Amino acid sequence: MADLKKWHELPIGGVIDKPATALAYKTGSWRVMRPIWHEDKCTSCMMCWLHCPDNSIVVKGGKMTGIDYEYCKGCGVCASVCPVKAIDMEPETKFLEEAE
Amino acid sequence: MAVNLKQLAVEFEDPNKIGITSGHRLCPGCAAPMTAKMALMVAKHLGYDVVVGLATGCLEVSTTIFPYSAWSVPYIHNAFENVAATISGVETAYRALKKRGKLKREKPIKFIAFGGDGGTYDIGLQALSGAVERGHDFLYILYDNEGYMNTGNQRSGSTPPGSYTTTAPVGKKLPGKPQLKKNIVEIVAAHENVYAATATVGEPIDYMNKVEKALNFEGPSFIAVLSPCVRFWRIPNDAAVSITKLAVQSKYWPLYEVEKGVYRITKKPRSFKPIRDFLEQQGRFRALLSRPDADKVISMLQDYVDKRWERLLALEEATKDKPAR
Ligand SMILES: Cc1ncc(C[n+]2csc(CCOP(=O)(O)OP(=O)(O)O)c2C)c(N)n1
Ligand code: SF4
Ligand code: SF4
Ligand code: SF4
Ligand SMILES: [Mg+2]
């Protein structure tokens, strides 16, 4: 949570006076399935990047470079639109075990 | 422009430039943010700054939970029923300030209103009609998920027959909502001074080309985007894109545009799939499909989409080079 302000410090009418404050809210913790990207298969066609509802496909210079797990909700849309099946969905639990 | 994805990906390498950011609370796999981001990228790519207005609904509620906002462009929300009125006021203020020389800006501004189907077909229809009739220069994007989803799946004027909703459930007596969808594109197109089109997230290039056309159209424009709610369509989280492709292939959601009364079908599939295929992929039709009278509803729908397609072909032929204004 952002630091709580006193009522008289808040902008009138619930106006949010800074853009993109939602970036402080990391939705990656919602994830049940994790997209795993296989760079060797990827053709950087950008279909996953275009569709990802959470802007979590990372690109550089017109090429895909990875997935932003801070925000990725694990919906699997990227895997489903990939024409060359370069993304697999794996259960998050697998990575919990690995981390242990 | 003819959208070049690689070029867009370079331009929006920093995702915070898109206009809608990460950190919003729409369900995983929801199509509403896809609908929004594709439109915003096209507008910015064309060199416009964008002001966004939102009607109450999932896209609005889930992107603006205080003190968070997932918008990196100027954004205004007023109420459920009046996003078209709100954005037309903003657009008028912009024009007035410009006329008096009080705005020194390099980039022209485009005004985009997003509304759900409840906020567009139903409660916001009057505001939309007024704004289009007055001829404001704005783009209205309907993200159509065929129900009042933010409040838990109530029937709207856009809900198709046989789809399960809490207010028109498929029960012992009735196979859900009996009425067909309201034809919103025809309603908007009937204002004549307008560019009106259908689109969907499963055909992104078609959609983005239409956004470009709409933004460059002088005056009001409207795009109805079929935008699945994975939650209440009861489809897997990864299915929003594939289901809308099927919607196009089954004539459920024909892709076309009407520019000042002139019809053009923008995608003519070489072969069609039966409407049953589209219904069977979605849990919201499961209760319907298990009823003894399911075939009756399905054939009614099939008959409707077939006739509508023939009608569209005929309208395309009849209105060629005959704009209403
Ligand atoms: C005048 C008014 N009536 C009812 C509501 C409650 N309400 C909030 S969102 C919503 C449903 C919105 O449906 P839709 O426009 O289809 O958007 P969706 O949530 O499906 O994306 C309703 C009924 C409201 N905010 N204002
Ligand atoms: S799983 Fe969903 S949120 Fe995560 S990167 Fe893929 S499309 Fe984006
Ligand atoms: S859709 Fe597949 S091939 Fe295309 S950029 Fe994404 S991972 Fe690579
Ligand atoms: S309820 Fe439906 S429309 Fe609303 S965020 Fe979830 S999937 Fe999207
Ligand atoms: Mg809706």
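(A) Here's a closer look at the overall build of chain B. When helices and strands are counted, chain B shows 12 helices and eight strands. Taken against the 2.2 N^0.38 rule, which gives 20 Å for 325 residues, the C-alpha radius of gyration of chain B at 19 Å falls within 12% of a compact globule. In chain B, which comprises 325 residues, the share counted as buried stands at 58%. Looking at chain B alone, contacts between residues at least 24 apart form 72% of all its contacts between residues at least 6 apart. Within the structure as shown, chain B displays about 13,100 Å² of accessible surface, and the carbon and sulfur contribution to it stands at 53%.

(B) Examining the interface of chain B and chain A more closely. On the chain A side, the residues contacting the 39 residues of chain B number 38 residues. Applying the counting rule to chain B against chain A returns one salt bridge. One salt bridge in this structure joins B:E13 and A:K60, with 3.4 Å as the shortest N-O distance. Inspection of the chain B/chain A interface yields 21 residue pairs in polar contact (both at pLDDT 80 or more). Only helix 1 (5-11), helix 2 (32-45) and helix 8 (204-216) of chain B provide two or more residues apiece to the side of chain B that touches chain A.

(C) Region of the structure containing helix 6 (residues 125-134) of chain B. Residues and elements named next belong to chain B. Considered for burial, the residues of helix 6 that qualify are A127, L128, G130, A131 and V132. The inward-facing, buried residues of helix 6 abut helix 4 (83-99), helix 5 (118-122), strand 4 (139-144), helix 7 (184-189) and strand 6 (221-226). A positive backbone phi angle near 80 degrees is found at G135, which sits one or two residues after helix 6.

(D) Fine view of the site of ligand 1. Residue and element names in this part refer to chain B. Close to ligand 1 lie 17 residues; G118, G119, Y143, G147 and M149 are nearest. C58 is positioned such that a nitrogen or oxygen atom in its backbone is 2.9 Å from an oxygen atom of ligand 1. Backbone polar atom of G118 to an oxygen atom of ligand 1: 2.8 Å apart, as the coordinates give it. Contact with the protein chains covers 74% of the free accessible surface of ligand 1, which is 580 Å². Counted by class, the shell around ligand 1 contains six nonpolar, nine polar and two charged residues.

(E) The coordination of the magnesium ion (ligand 5), seen in detail. Summarising the metal site, the magnesium ion (ligand 5) is bound by the protein donors B:D117 (OD), B:N145 (OD1) and B:G147 (O), whose distances to it range over 2.0 to 2.1 Å. Take B:N145: its relative accessible area is 8%, and that puts it in the buried class.

(F) Main features of the environment of B:Q249. Residues and elements named next belong to chain B. Take Q249: it is sitting in helix 9 (residues 240-249). Accessibility expressed as a relative area gives 29% for Q249, which makes it partly exposed. When sequence neighbours within four positions are dropped, the list of residues in contact with Q249 reads S271, F272 and K273.

(G) Structural view of the pattern of salt bridges. Residues and elements named next belong to chain B. Considering all chains together, one arrives at 26 salt bridges over all chains under this definition. For R264, the salt bridge is made with E257, and the minimal N-O distance between the two is 2.9 Å. In this structure R264 comes out as partly exposed when scored by relative accessible area, which is 42%. Linked through salt bridges whose partners overlap, the residues forming this network are D144, E146, K181 and R284.

(H) Structural detail: the environment of B:E106. Mapping B:E106 onto the fold places it in the loop between helix 4 and strand 3 (109-116). Each C-alpha atom, one on B:E106 and one on B:D49, is 9.6 Å from the other, the two residues being 57 residues apart in sequence.

(I) Region of the structure containing the site of ligand 4. Around ligand 4, the neighbouring residues are B:L26, B:C27, B:C30, B:C58, B:N145, B:C229, B:V230 and B:R231. When its residues are assigned to classes, the shell around ligand 4 shows six nonpolar, one polar and one charged.

(J) Representation of the environment of B:Y148 within the structure. All names here are of chain B. Tracing the chain through its elements places Y148 in the loop between strand 4 and helix 7. On the accessibility criterion, Y148 (19% relative accessible area) is buried. Considering only alpha carbons, one finds Y148 and V211, 63 residues apart in sequence, at a separation of 25 Å. The residues contacting Y148, other than those within four sequence positions of it, are F80, D117, G118, D122, N153, Q154, R155 and S156. Within the local environment of Y148, its side chain forms a polar contact with the side chain of D122, the two groups lying 2.6 Å apart.

Rules and cut-offs
Residues numbered from 1 in each chain as written. Chains lettered and ligands numbered in written order. Predicted model: local features only at pLDDT ≥ 70, side-chain atom pairs only at ≥ 80, totals over all residues. Heavy atoms only, no water. Helix = DSSP H or I, 4+ residues; strand = E, 2+ residues; numbered from the N terminus. Rg over C-alpha atoms; globule rule 2.2 N^0.38 Å. Buried < 20%, exposed > 50% of the residue type's maximum accessible area, 1.4 Å probe, protein only. Contact = heavy atoms within 4.5 Å. Areas by Shrake-Rupley, 256 points an atom, 1.4 Å probe, with all protein chains shown as cover. Salt bridge = Lys/Arg side-chain N within 4 Å of Asp/Glu carboxyl O. Polar contact = N/O pair within 3.5 Å; in protein donor to acceptor, adjacent residues only side chain to side chain. Near = heavy atom within 4 Å. Nonpolar A, V, L, I, M, F, W, Y, C, P; charged D, E, K, R; others polar. Donors = N, O, S within 2.8 Å, 3.2 Å for Na, K, Ca; no water.

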